[in-house]
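Chain and residue survey
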Amino acid sequence: MDAQGRGRADNIDPADQWVLNPDTGEYELRLSASAPQSAVPGPRRAASRAAAPAGASGGARGRTAAPERRAPEEEAPERVPAPRRKRGVPEEPANRRGRRPVKKKSKAKKVLLWTGGVMAFVLVGTAGAAYLYLEHLNDNITAVSDDGASTGGFSKDKAINILLIGTDKRTGSGNKGYGDTDSVGHADTTILLHVSKDRTNATALSIPRDLIVDIPDCPTTLADGTKKVIPGQDGVRFNTSLGQEERTPSCTVRTVTELTGIQADNFMVADFNAVKTLTSAVGGVDVCLAKDIDDPDSHLKLSKGTHTIEGEQALAFVRTRHSVGFGGDLSRIEIQQQFLGSLMRKLKSNDTLTSPTKMIKLAEAGTEALTVDSQLDSITKLKDLGLELGKLNVKNLTFTTVPVLDNPAEKVKATVVLNTSTAPTIFQMIKGDVSFTEVKQKAKESKSAAAAEAAARLKGTKSAASAVRVQVMNGGAPAGSAQETLNWLQNDEGVTKSENAGNAPQELSNTTLEYAPDQADQARRLAAIMGLPGTALKPGKSVTNAQGLPTMTLTLGKDFKGAGVSLTAATKVPDSVQKSTADKVQCAK
C-alpha cells in the first residue's frame, strides 16, 4: 500500500513517511505530509482495534498517542502518530507517569542487511529489511517446493545453512544481450552460506559451476504442480543441477548435499536483475581494479582504480572473467567475492541503515528478485532469518571456494574436479561449525573429567602399523564401508593384520574402537591413522581373530565418511586454500 492508498496527497514518496525515532532506534510512519514533527518523538503505544474514543484527536483511526510533557506556554507541535502494534504482541505496561519505558536498540541488530551470491546472496539482507515496509511485499515473493531436499527450515538455536543460487536466465529488461538468450537458467553462481550456531562467524563457500559432480535422482514438483523423479547423472557439470532436464532448485540442494555432506536448511534463487536493482537501491557499490579492464563479453570497461558501480555496470563487473586472473570461472568467483564483500560493507553502513528511502527500495528490489523455498514464503519468515543473520560482524564472514583441480581427463581444460586432499577438510569444518576466522570463541570443549580422560587416551606410545591387529565391522556406515576401509588399511597404511568382520550387531551413531588394556599402543596408532578422536576409543576387551589371536574391534558408525577421511574435527583451513573476509578491500587483478 502506498501513500495515496491512505488518502494522502499525490506525489508522496512512501519513504518520506518513515522517520527515525532516536529514542527507540526504529523507523515510525508519519501519515501527515505537511504537519511538523516534534523534536523528539515520544515512545510508541499499542494500537487499538476499536475505533478511537470520542474526543480523540490526531493520528489515524484506532490509534492513540502517549501524552507528552512540555514547557508552559510552549506551543505543542502536531504529534507523529505511533505505528500499529504487531498482531499477537501484548501492550507493555505503563510506568508510574503513565509512559512506557523506552528501550534503545543497536542499529546493527534492528535489521538484517546481508549479502551472498552474486544474484542471490544480497537478497537475505534486503528481505530482512522488508519488515519495515508494508505487507504487500509478501505478494512480491515467489516460493517453490523444496521437495524434501532441505532440513525443513532454519532453527534459531542451531547453525544455519542457506544455499544461494544465481541463475543465468536472461529474463528482465536489458538482459537478452548477455550471452545465451535461450538459457533455461542453470546454477551459474552458487554459494553455501553457513552461519555459526553462536552467530559470531560465517562462511560463504562458492561452488564452481564447471565442477564435475554426480547429480542424484531428484523427486521434483514441476511448474504445473505434477510430481516426477528426474533421473540422476554422473560426471556432469555442477551448473546442470538446475534447469537441465526440468531440474528445480531442490535438485541443486540435493547435489550440494551429495558433494559436501551438508544439508541446506533453505534456499534462495535470483536472476540477473537482482544485481542491477539492488546495487542501484543502495546508491552503488565501491569496487577496486588493479588494472584497466575492457571486456567485450561482459560489457565491462573500467580504468584502474576505485569506482562506484550500479545497475548494468555492476552486472558487467560480476560477470567478467576473461579480463581478470586466469580468465576462467575460478577468476570470476574471486572478483564476485570481492564485490560481495564491498556490497556487504555498504549494506552495513550507517548511510544505508539510516536512510528510509534506501531501505524501502531494498525491500522492494529484494523481494521482487527473490525466489525462495516454501519454508521462507513470507516477510515474517524472512525477517526472522534476517534478525539471526544480522548479528554477524562482517570481519568474521569468510569467502572461500571449494578446492578443485584441473580435470585430468581433458586435454583442453574446461572443467575441474574435486581436490580430495583438501576439500574434505573444508566440508568437515563447515559441518562441524568451525570458524574460518580468528574470532574469540567460547570454550566449546567440556572441562569435565570424562573429556580429559578421552583426550588422555590418545597420549602415549604407538605401535607400528604392521603390529596393529583389528577387525572392521559396519555399524551404520554406507554399505561396503568395512571392505573399503580394510582395503585402504592394508594397501595404503600397512595395517596388514586386519580383517572384515561384516555387520555389527547394532547400528552406532559414532565410530568406535574397542580394545583391551594391553592393546592401547595399537589403538593409539590406529586412531592416528584414521583420525579418530579420543571419544572414539573405548577401553574394554579384545576378541579373537581368524588366526586365534587377540584383536581390536573397529565399528564404523553413521558418522563415517569414507576410508581416509578423518573423524577428528579440523580446526584450521589448509594453507593451500584461498580465503578472504568481507571487511577487507581487495582490488581485482
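Look a little higher up for the structure.
Everything in this summary refers to the structure shown in the same document. Owing to the predicted nature of the structure, the values given are computational and were not obtained by experimental measurement. (Residues numbered from 1 in each chain as written. Predicted model: local features only at pLDDT ≥ 70, side-chain atom pairs only at ≥ 80, totals over all residues. Heavy atoms only, no water.)

**Regarding the overall build of the protein chain**
Scanning the protein chain for helices and strands turns up 13 helices and 27 strands. Counting contacts in the protein chain only where the partners sit at least 6 residues apart, residues at least 24 apart contribute 72% of the total. (Helix = DSSP H or I, 4+ residues; strand = E, 2+ residues; numbered from the N terminus. Contact = heavy atoms within 4.5 Å.)

**Quick notes on the packing of aromatic side chains**
Counted by the stated rule, this structure contains 1 aromatic pair. Ring geometry for phenylalanine 317 versus phenylalanine 339: centroids 6.1 Å apart, planes at 40 degrees, classification tilted. Of this pair, phenylalanine 317 sits in helix H5 (residues 311-319) while phenylalanine 339 sits in helix H6 (residues 329-348), and the two are 22 residues apart along the sequence. We note that phenylalanine 317, like phenylalanine 339, is buried. (Phe/Tyr/Trp six-rings, centres within 6.5 Å; stacked < 30°, edge-to-face > 60°. Buried < 20%, exposed > 50% of the residue type's maximum accessible area, 1.4 Å probe, protein only.)

**Structural notes on the nonpolar core**
With 55 residues, the main nonpolar core has Met268, Phe317, Phe339, Leu385 and Leu397 as its most contacted residues. Ignoring anything within four residues of it in the chain, the contact list for phenylalanine 339 reads Val275, Thr279, Val285, Val287, Ile309, Ala314, Phe317 and Val318. (Core = buried A, V, L, I, M, F, W, Y, C linked by side-chain atoms within 4.5 Å.)

**Thoughts on the sheet that holds strand S12 (residues 285-289)**
Across the sheet, which stays open at both edges, the 3 strands sit in the order S15-S12-S27 with mixed pairing between neighbours. This sheet does not close on itself; its edge strands, each paired only once, are strand S15 (305-309) and strand S27 (587-588). Contacts from H5 reach S12 and S15 within the one sheet, and its direction differs from that of S15 by about 125 degrees. (Pairing = 2+ DSSP bridges. Axes fitted to C-alpha atoms, helices over the stretch in contact; angles between N-to-C directions.)

**Comments concerning the pairing of strand S20 (residues 469-474)**
Burial analysis of S20 places 6 of its 6 residues in the buried class, which makes it a mostly covered element. On S20, burial covers both faces: Arg469, Gln471 and Met473 on one face and Val470, Val472 and Asn474 on the other are all buried. Pairing between S20 and strand S21 (residues 497-503): 5 bridges, direction parallel. In the sheet register, asparagine 474 faces S21, and the bridge partner there is asparagine 503. Read from S20 through helix H12 (residues 481-491) to S21, the crossover connection turns out right-handed. Relative to strand S25 (residues 550-556), S20 runs parallel, the two being bridged by 5 bridges. (Right-handed = clockwise from strand over helix to strand, strands pointing away.)

**Observations regarding the sheet that holds strand S11 (residues 266-270)**
Reading across the sheet, the 8 strands line up as S3-S16-S11-S4-S5-S6-S17-S26 and stay open at both edges, with mixed pairing between neighbours. Strands at the two margins of the open sheet, each flanked by one partner only, are strand S3 (142-144) and strand S26 (579-581). Taken over all neighbouring pairs, the strand axes of this sheet differ in orientation by 20 degrees on average, direction set aside. The pairing of S3 with strand S16 (residues 371-373) spans 3 bridges and is classified as parallel.

**What about the pairing of strand S5 (residues 187-195)?**
For S5, the tally of buried residues reaches 9 of 9 residues, placing the bulk of the element in the interior. Two strands pair when backbone bridges link them, and strand S4 (residues 160-167) and S5 are joined in this way by 8 bridges, in the antiparallel orientation. Residue pairing across strands places isoleucine 162 opposite leucine 193, the latter belonging to S5. By the bridge criterion, 6 bridges tie S5 to strand S6 (residues 202-207) in an arrangement that is antiparallel. Its bridge partner lying in S6, leucine 192 is registered against leucine 205.

**Remarks on the state of the cysteines**
Enumeration according to the criterion identifies 2 disulfides in this entry. Between cysteine 288 and cysteine 587 runs a disulfide, and the two sulfur atoms are separated by 1.8 Å. Negative torsions about the S-S bond denote left-handed disulfides, and the value of about 75 degrees found for cysteine 288 with cysteine 587 makes this one right-handed. You can see cysteine 288 sitting in strand S12 and its partner cysteine 587 sitting in strand S27, a full 299 residues away along the chain. For the protein chain, the bonded cysteines pair up as 1-2, 3-4 when numbered in the order they occur along the sequence. (Disulfide = S-S within 2.5 Å.)

**Description of helix H3 (residues 249-260)**
With 12 residues, H3 should reach 16 Å at 1.5 Å per residue; the first-to-last C-alpha distance of 17 Å fits that figure. Most of H3 is tucked away: 10 of the 12 residues are buried. All of the buried residues in H3 are Pro249, Ser250, Cys251, Thr252, Val253, Arg254, Thr255, Val256, Leu259 and Thr260. One or two positions beyond H3, positive phi appears at glycine 261, with a value near 80 degrees. (Expected span 1.5 Å × (residues − 1).)

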